[in-house]
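Chains, contacts and geometry: an overview
Here is what each chain is made of, one letter per residue.
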Amino acid sequence: MARRIVTLLARTGLLFLLSVVLVFGFWEHRNFYQIGFTNLLLLGGLVTFLVILGFRLALSGDMPRRRPKGELTFTLDEGDRLLRGGAEIAVRPADRVPTPVVGQWLWAKYDTGRAFGRLLVVDGTRRILADVTDEEARKAGYASAAELREAGRARWKWTPRDLVAVLRLRIEGAKP
Amino acid sequence: MIVYSLAVGAGIVVEAWLLALVVLRGRRPWLVATFGALALTLIVNGAAFIGTSEGFLDPAWESAVLWTLVLANPLTAILVLSLIHGETVPRRRPVVFVLLALAPLVVLLTPSADWAVQHAYDANLLGAFLTVCLGIPLAEAAYQRMTSSLFAVDAFWLAFGVVALIIGGPIYALEFQDLGILQSAGSNVAAPVALALFALVLFRHDPFPGTRPSRTPSGAAPHLFDPGRTVVFEETRPKYSLHAAALAAKEGVRVLVLSRAGPDLATADPAPPSVPLIPTRHGAPRVLGTLAEFFARAPGGLAVLPDLDDVALMSGWPSTEEAVLRLRGVCRDTGSRLIVASSRLTAPEKESLHSHRLDWWTLPDPAEEMEAVLAQSFGPGARELLAAFARARGLRREDLTLNHAEPFLQFLERALSELGQSAADAPARQGLRAQTSAAAEALRAFATRTPEDLARGDWPSRHASEADRGILVTAAEYWKGKEMQELFSAASDLGDRESVFEQARHVFVEQLGEAGEGVLRSELSKLGKRPEELRRADVAHLADRAAVDLTAMADVVDVPQEKLRIQRQVESIRRRLEAIAGDES
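Small disclaimer: the values here were computed from a predicted structure and weren't measured.

**Some words on the sheet that holds strand E5 (residues 337-341) of chain B**
Backbone-to-backbone hydrogen bonds pair the strands of a sheet. The strands run either parallel or antiparallel. All names here are of chain B. With respect to topology, six strands assemble into an open sheet ordered E3-E2-E4-E5-E1-E6, the strand pairing being parallel. The two strands at the open ends of the sheet, each matched to only one other strand, are strand E3 (274-276) and strand E6 (359-362). Between one strand and the next, the sheet's axes are offset by a mean angle of 20°, whatever the strand orientation. Bridge analysis of strand E1 (residues 230-234) against E5 gives four bridges, and the strand direction is parallel. Directly across from threonine 230, in E5, lies its bridge partner leucine 338.

Structural data, given as structure tokens:
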């Protein structure tokens, strides 16, 4: 709680400081800004808005690219394996829309809908299911490619000729 | 004034650092050259400005400030357009080079009173010229931002850079002049910011590292399609695209294969230069950069992109599709050729790509066609023969490519020899030999057929209807009796009888080249076995040992893409050895 108050105070203080700098800038450049009241209101307002927006973004410590877009769902077993570090790969249908791409952050969710962490897609490749190797299956938390195919058949009605996306993931902490 | 000069001086240091970084790390000579020209101009401009402002240099150097200012603007336009259009900018946007040619003329035509840098952006011919020079890249970046998914983000940074140049140059000069603080005209305090943003975009489009063919013209390629074309190979697995690359390389064409890993290329002789795709979210722009640079380096060459699906997984389909379409333009401009494999693309992606009227060749699976060719001689037993060969090599049926046609014929020849030793009926044996020769001839003829020829749909599998096969088998049985069946059995048993060492040797050599045999012998000595002592039951241990040792070797490799390639080879060796070990593993 105390830490949250300190963070809030620090951010508010920095925003106030920024406001002071902006006002100082307008005062300092008063001669240059003789472009008419309406123009100044619109242009100055736009610039001030962008500066404050950028500053808020920087203060949040969470750049837009790191915000999860989309989600990947896991069974309880799969999710736990991922959290414990027992799996680093997820094999999913390739025609999933929207398809996650390398570098994308996703919410990791259980089938029940509860998010349990954030995932970064580190690498990805597409395979015909029959081409998925034992090594990849083991990294996905299965004993063999045959076991993975069996699990996929039960869950997504996969056949060996189906296309799958083999995604290498990195999990970052549980969702607060 | 000294504070401003210090700011410009600090900017020069940053610019010099960026210049060194781009020159040392950039892999696209055209972009490195244009970036270098702009960076050098801005460095000279900054140095001349500081020198004249602080009195280090003679006032005559003020003309250097003006000239570099005038030169920097068209160079900015050329660099920004080059970052968007790559090496094809002279063809795509030639007007931008006219600006460069106009620069001295415009300065000469400007009234002498306006020669001073203070009046550079006034309402005169020079001011108009400089404004147009910055307006063109800004407009182009804004257009790309709105229309391109591939360049949307980069166009934003390019526009940001140009706007920074406008604010840090003419607008600040005007403001400082109005405020009467200092005279900054001619300098640009935002130049390092703009250069940093341009460098960022340049590196996002930088080619993937790897071996590249020399800058020599490509040889004639009678088996390849016409230059300037982009062809999509529609096949389940990218076999024909890689085969075409190997064939073209053999004919002296400059070839570049851009793929995640090319294990099949290990069997090609000579193996065409291959650049590995490194997983990055900038996959599509880097593919575009890699191949555009290759086409500029080797016009008339052939580039093969067998893993378009992986690019789609890196950057999303819209960017990937746009990269292919832009490459089609580059191909046309440079008279080069591009093969894109549509393997593993989803149905909507294929449909979307197909709508752009690219040349689309639907190709068969070589394994199925090889079986159909053999079926003309051996009937339904052809499947058995291929399966026996694949089993002996530790391959899956779907792994068979045209590269396996010759090894298969050798295998068939050995099976026939084995049969010859036991079969008593000489005329029947003679007939079977003639039949095998006919099959070999047909298979070799099929292996030489070009993808263009096959794309017309004249496939052996389409000719061999079930009815024909029935008649064929009946005829064969009529004059060869049960010899045919004996051949299938001989082939089936050959894998079991063939020395296990020989089978393992095939696997190691196919994956690791000639050095593979040495690796195998070394692994065997660690197991305390001699080649002739190797049994099927030992192959499982061999697979484990080889996997551990070769993985350890991969771990010491620092280059990530090479590490990945070795890991894939290790996995393939392990999988194939386990297949050879069979039930005894």
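**Notes on the environment of His463(B)**
In this structure, His463(B) sits in helix H19 (residues 460-463). Taking the C-alpha atoms as reference points, His463(B) and Leu338(B), 125 residues apart in sequence, are found 31 Å from one another.

**Observations concerning the interface of chain B and chain A**
The interface of chain B with chain A comprises 19 residues on the first partner and 19 residues on the second. Looking at the side of chain B that touches chain A, the elements that each hand over two or more residues are helix H7 (152-179), helix H11 (308-315) and helix H25 (560-581) of chain B. With five residues, the top contributor of residues to the side of chain B that touches chain A is H11(B). A class-by-class count of the residues in the side of chain B that touches chain A yields four nonpolar, five polar and ten charged.

**A closer look at the nonpolar core**
Residue and element names in this part refer to chain B. In terms of nonpolar packing, the biggest core is built from 140 residues, with Phe198, Ala245, Ala248, Ala303 and Ile339 touching the most fellow members. Here this core gets 14 residues from one element, more than from any other, and that element is helix H3 (residues 62-85). Those residues in contact with isoleucine 339 that lie beyond four places of it in its chain are Val231, Phe233, Ser241, Ala244, Leu302, Val304 and Leu305. Membership of the second largest hydrophobic core comes to 25 residues, among which are Met370, Ala415, Ala439 and Leu443.

**Comments concerning the domain arrangement of chain B**
All names here are of chain B. Once the domains are mapped, chain B shows domain 1 (2-204), domain 2 (230-362), domain 3 (364-496) and domain 4 (499-585). Each of domain 1 and domain 2 was reduced to a C-alpha centroid, and the two centroids are 36 Å apart. If you look at the interface, domain 1 gives eleven residues, while domain 2 gives 14 residues. Grouping the constituent residues of the side of domain 1 that touches domain 2 by class yields two nonpolar, four polar and five charged.

**Points about unusual backbone geometry**
For Lys157(A), which is not glycine, the phi dihedral falls at a positive 55°. Among the structural elements, Lys157(A) can be located in the loop between helix H5 (145-156) and strand E5 (163-172). Of note, Arg357(B) is a non-glycine position whose phi angle comes to about 60°, a positive value.

**Quick word on helix H23 (residues 515-527) of chain B**
Residue and element names in this part refer to chain B. Here H23 spans 19 Å end to end across 13 residues, near enough to the 18 Å set by a 1.5 Å rise per residue. By the burial criterion, the buried members of H23 are Gly516, Leu520, Glu523 and Leu524. All buried residues of H23 fall inside an arc of 100° around its axis, so they share one side. Across from the buried face of H23, at angles greater than 90 degrees, the exposed residues are Ala515, Gly518, Ser522 and Ser525. For H23, the secondary structure elements touched by its buried residues are helix H22 (500-512) and helix H24 (536-555). Glycine 528 occupies a position one or two residues after H23 and carries a positive phi of about 75°.

Each value, and the rule that gives it
- Residues numbered from 1 in each chain as written.
- Chains lettered and ligands numbered in written order.
- Predicted model: local features only at pLDDT ≥ 70, side-chain atom pairs only at ≥ 80, totals over all residues.
- Pairing = 2+ DSSP bridges.
- Helix = DSSP H or I, 4+ residues; strand = E, 2+ residues; numbered from the N terminus.
- Axes fitted to C-alpha atoms, helices over the stretch in contact; angles between N-to-C directions.
- Contact = placed C-beta atoms within 7 Å.
- Nonpolar A, V, L, I, M, F, W, Y, C, P; charged D, E, K, R; others polar.
- Core = buried A, V, L, I, M, F, W, Y, C linked by C-beta atoms within 7 Å.
- Buried ≥ 20, exposed ≤ 12 C-beta atoms within 10 Å, placed from the backbone.
- Domains from an automatic or database assignment.
- Expected span 1.5 Å × (residues − 1).
- Arc of directions from axis to C-beta.

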